[in-house]
Amino acid sequence: MTLVRTKKFSDEHKSIETLVVFVRKSGNKTEALGATKEIAGLLDEALDDGLSFSNLKKGVFFRGCAPAPFRHILLLGLDDKFKLLEDVRRVAATVYQALKTNKSKSGAVIFEGLM
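Residues numbered from 1 in each chain as written. Predicted model: local features only at pLDDT ≥ 70, side-chain atom pairs only at ≥ 80, totals over all residues. Heavy atoms only, no water.

(A) Local environment of the overall build of the chain. Across its full length, the chain carries two helices and six strands. Taken across its 115 residues, the chain has 41% of its residues classed as buried. Contacts spanning at least 24 positions in sequence make up 62% of the contacts within the chain whose residues lie at least 6 apart. (Helix = DSSP H or I, 4+ residues; strand = E, 2+ residues; numbered from the N terminus. Buried < 20%, exposed > 50% of the residue type's maximum accessible area, 1.4 Å probe, protein only. Contact = heavy atoms within 4.5 Å.)

Right, dumping it as structure tokens:
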């Protein structure tokens with residue numbers, strides 16, 4: 001897990017606000033990489049509501065429903081072409097922008113199963 005902080009994050013001892021989980025579609029199955037059953041349930045709810053995670057720019061921010069010590073969950077979609085180091089840079093920029101847009105001061109990113 002990697003910590004991402006916006007400029008407004010000042011105290012190292014505060015808990016991390018947002019957990020960032022990547023969503024990948026393989027065949028007919030869409031899965032949250034490295035996620036718990038609780039987070040996978042949130043993904044299923046989002047899919048049932050008709051939301052799509054077909055590329056990196058598509059994501060869902062769940063406010064106030066994350067497991068402790070987190071407060072929020074951000075699910076971000078990955079496209080099938082994700083394999084290069086340049087894609088990691090794009091992912092990092094997208095995560096930072098999504099955290100900033102949602103006024104989250106810090107986030108932890110699960111990179112498990114990404115490459």
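We are not done yet, so read on.
(B) Here's a closer look at a negative patch on the surface. A cluster of acidic residues, Asp44, Glu45, Asp48 and Asp49, forms a negative patch at the surface. Within the secondary structure layout, Asp49 lies in the loop between α1 (37-48) and β4 (59-63). Among the residues examined, Asp49 registers a relative accessible area of 67% and is labelled exposed. (Patch = residues over 30% accessible without salt bridge, like charges linked within 9 Å, V, L, I, M, F, W, Y side chains within 5 Å. Areas by Shrake-Rupley, 256 points an atom, 1.4 Å probe, with all protein chains shown as cover. Salt bridge = Lys/Arg side-chain N within 4 Å of Asp/Glu carboxyl O. Lys, Arg positive; Asp, Glu negative; His and termini not counted. Charge placed at Lys NZ, Arg CZ, Asp CG, Glu CD.)

(C) Broad picture of α1. Spanning 12 residues, α1 covers 16 Å between terminal C-alpha atoms, matching the ideal 16 Å at 1.5 Å per step. For α1, the set of buried residues is Ile39, Leu42, Leu43 and Ala46. Down the axis of α1, the buried set is contained in an arc of 100 degrees. They therefore lie on one face. Of the exposed residues in α1, those oriented more than 90 degrees away from the buried face are Lys37 and Asp48. Where α1 is buried, its residues meet β2 (18-26), β3 (29-32), β4 and β5 (72-78). Gly50 occupies a position one or two residues after α1 and carries a positive phi of about 90 degrees. (Expected span 1.5 Å × (residues − 1). Arc of directions from axis to C-beta.)

(D) Local environment of the pattern of salt bridges. Taken as a whole and assessed by the stated rule, the structure comprises one salt bridge. Notably, a salt bridge pairs Glu17 with Arg71, separated by 3.3 Å at the nearest N-O pair. Pair noted here: Glu17 is in the loop between β1 (2-5) and β2 and Arg71 is in the loop between β4 and β5, with a separation of 54 residues, a long-range link.

(E) Representation of the nonpolar core in the model. Grouped together as the largest cluster of nonpolar side chains are 17 residues, with contacts concentrated most on Leu19, Val21, Phe53, Phe62, Ile73 and Leu75. For this core, the secondary-structure elements that each account for two or more residues are β2, α1, β4 and β5. At four residues, the largest contribution of residues to this core is made by α1. Counting residues in hydrophobic clusters, the runner-up holds 12 residues, among them Phe61, Leu74, Val91 and Val95. (Core = buried A, V, L, I, M, F, W, Y, C linked by side-chain atoms within 4.5 Å.)

(F) Representation of unusual backbone geometry in the model. Positive phi, normally seen in glycine, also occurs at Lys103, with a value near 60 degrees. Here Lys103 lies in the loop between α2 (85-101) and β6 (106-109).

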